[in-house]
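# Inside the fold
The primary structure of each chain is shown beneath.
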Amino acid sequence: MSDSSPDRPAAPVLDVWCELQCPDCRSALDDLRALRARYGDRLELRLRHFPLEKHKHAFAAAQAAEEALEQGQGWPYVEAVLARVEELDRKGEPLLVEVARELGLDAEEFDTALIDGRHILIVDADQAEGKAIGVTGTPTYVIGGERLDGGKSQEGLRERIEQIADRLLAEGPGA
């Protein structure tokens, strides 16, 4: 949870609609790392799930990412799985548990979460919201009410996100 004390303004939010079996999302990681390095906690990066039907392990991967978030390793887990997109293609769910184990997370809990479906509602809700706002592919970014589609090309997207983030930070909360 972010610190929302009254003396600290809420950071602008960058929603990142992503799916963990998507090569385009893997290539977006460099941009996300650069944004985190530039803004730190002045910009909140929020992972949103948009598993695509053409990727049969994407829905399970989204649930696994939620479990990683619960165990305090959301982004490191997302990055580790995205780095192995082709392997996820071949191995499926066993890879999701393997990555959790490699990161020192509770792999048994991952296994159980994938079986009992405790995170399905979050993934479904993200997907429904994505469809409602016009997300059709991944990665798609939403910041300051503007939707930026990275599924076709990521050319210039980071610069555009930085322009919007800088504007929002300059305006401050309640602007």
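The shown structure was predicted, so the numbers you read here are calculated from the model rather than taken from an experiment.

## As for the overall build of the chain
Within the chain, the regular secondary structure consists of 8 helices and 4 strands. Secondary structure elements of the chain, listed N to C terminal, follow the sequence β-α-β-α-α-α-α-α-α-β-β-α. Once the C-alpha set of the chain is aligned to its principal axes, its extents read approximately 45 × 35 × 30 Å. Per element, the accessible surface of the chain, about 9000 Å² overall, is 50% carbon and sulfur. Here the chain holds 21 positive side-chain charges and 35 negative ones, and the gap between their average locations is 4 Å.

## Here's the deal with the confidence of the model for the chain
Low-pLDDT portions of the prediction should not be read for the details of their coordinates. Within the chain, residue pLDDT values average 91, and 93% of them lie at 70 or more. Taken together, the stretch residues 1-6 has pLDDT below 50 and engages in 1 contact with residues farther than four places along the chain or on a different chain.

## Thoughts on the nonpolar core
With 42 residues, the main nonpolar core has Leu14, Tyr77, Leu96 and Tyr141 as its most contacted residues. Among the elements that take part in this core, helix α1 (residues 23-39) stands out by supplying 6 residues, more than any other. In this structure, Trp17, Phe50, Val135 and Val142 belong to the second largest nonpolar core, which totals 5 residues.

## Digging into the sheet that holds strand β4 (residues 146-149)
Read across the open sheet, the 4 strands follow the order β2-β1-β3-β4; overall the sheet is mixed. One side of each edge strand has no neighbouring strand; the edge strands of this open sheet are β2 (44-49) and β4. Across the sheet, the mean angle separating the axes of adjacent strands is 20° when strand polarity is ignored. In this fold helix α3 (residues 74-82) packs onto β1 (13-18) and β2, with an angle of close to 55° to the strand it touches most, β2. Packing of helix α8 (residues 157-171) onto the sheet brings it into contact with β1, β3 (140-143) and β4, and relative to β4 it is tilted by some 165°.

## Structural notes on the pattern of salt bridges
Evaluated as defined, the whole model comprises 22 salt bridges. Two residues, Asp166 and Arg38, come together in a salt bridge whose shortest N-O distance is 2.8 Å. Pair noted here: Asp166 is in helix α8 and Arg38 is in helix α1, with a separation of 128 residues, a long-range link. Arg48 serves as the salt-bridge partner of Asp126, at 3.0 Å between the closest nitrogen and oxygen. Here Arg48 lies in strand β2 and Asp126 lies in helix α7 (residues 120-132), a separation of 78 residues in the sequence. Judged by relative accessible area, which is 8%, Asp126 ranks as buried. Sharing partners across several salt bridges, the network here consists of Asp15, Arg46, Arg48, Asp126 and Glu129.

## Observations concerning the environment of Gly134
Examined against the element boundaries, Gly134 turns out to sit in the loop between α7 and β3. A C-alpha to C-alpha distance of 28 Å links Gly134 and Asp41, two positions 93 residues apart in sequence.

## Looking at the packing of α3 against helix α5 (residues 93-102)
In the contact formed by α3 and α5, the axes pass within 10 Å of each other and the chain directions differ by 130°. As summarised for this structure, α3 and α5 are arranged oblique, according to the angle between their axes. Crossing handedness for the pair α3 and α5: right-handed. Touching Tyr77, Ala80 and Val81 of α3 are Leu96, Val99 and Ala100, all from α5. When grouped by side-chain class, the residues that make up the contact of α3 with α5 number 6 nonpolar, no polar and no charged.

Here is what the cut-offs are and how they apply
- Residues numbered from 1 in each chain as written.
- Predicted model: local features only at pLDDT ≥ 70, side-chain atom pairs only at ≥ 80, totals over all residues.
- Heavy atoms only, no water.
- Helix = DSSP H or I, 4+ residues; strand = E, 2+ residues; numbered from the N terminus.
- Areas by Shrake-Rupley, 256 points an atom, 1.4 Å probe, with all protein chains shown as cover.
- Lys, Arg positive; Asp, Glu negative; His and termini not counted.
- Charge placed at Lys NZ, Arg CZ, Asp CG, Glu CD.
- pLDDT = per-residue confidence, 0-100.
- Contact = heavy atoms within 4.5 Å.
- Core = buried A, V, L, I, M, F, W, Y, C linked by side-chain atoms within 4.5 Å.
- Buried < 20%, exposed > 50% of the residue type's maximum accessible area, 1.4 Å probe, protein only.
- Pairing = 2+ DSSP bridges.
- Axes fitted to C-alpha atoms, helices over the stretch in contact; angles between N-to-C directions.
- Salt bridge = Lys/Arg side-chain N within 4 Å of Asp/Glu carboxyl O.
- Parallel < 35°, antiparallel > 145°, perpendicular 65-115°, else oblique.
- Left-handed = near helix turned anticlockwise from the far one by under 90°.
- Nonpolar A, V, L, I, M, F, W, Y, C, P; charged D, E, K, R; others polar.

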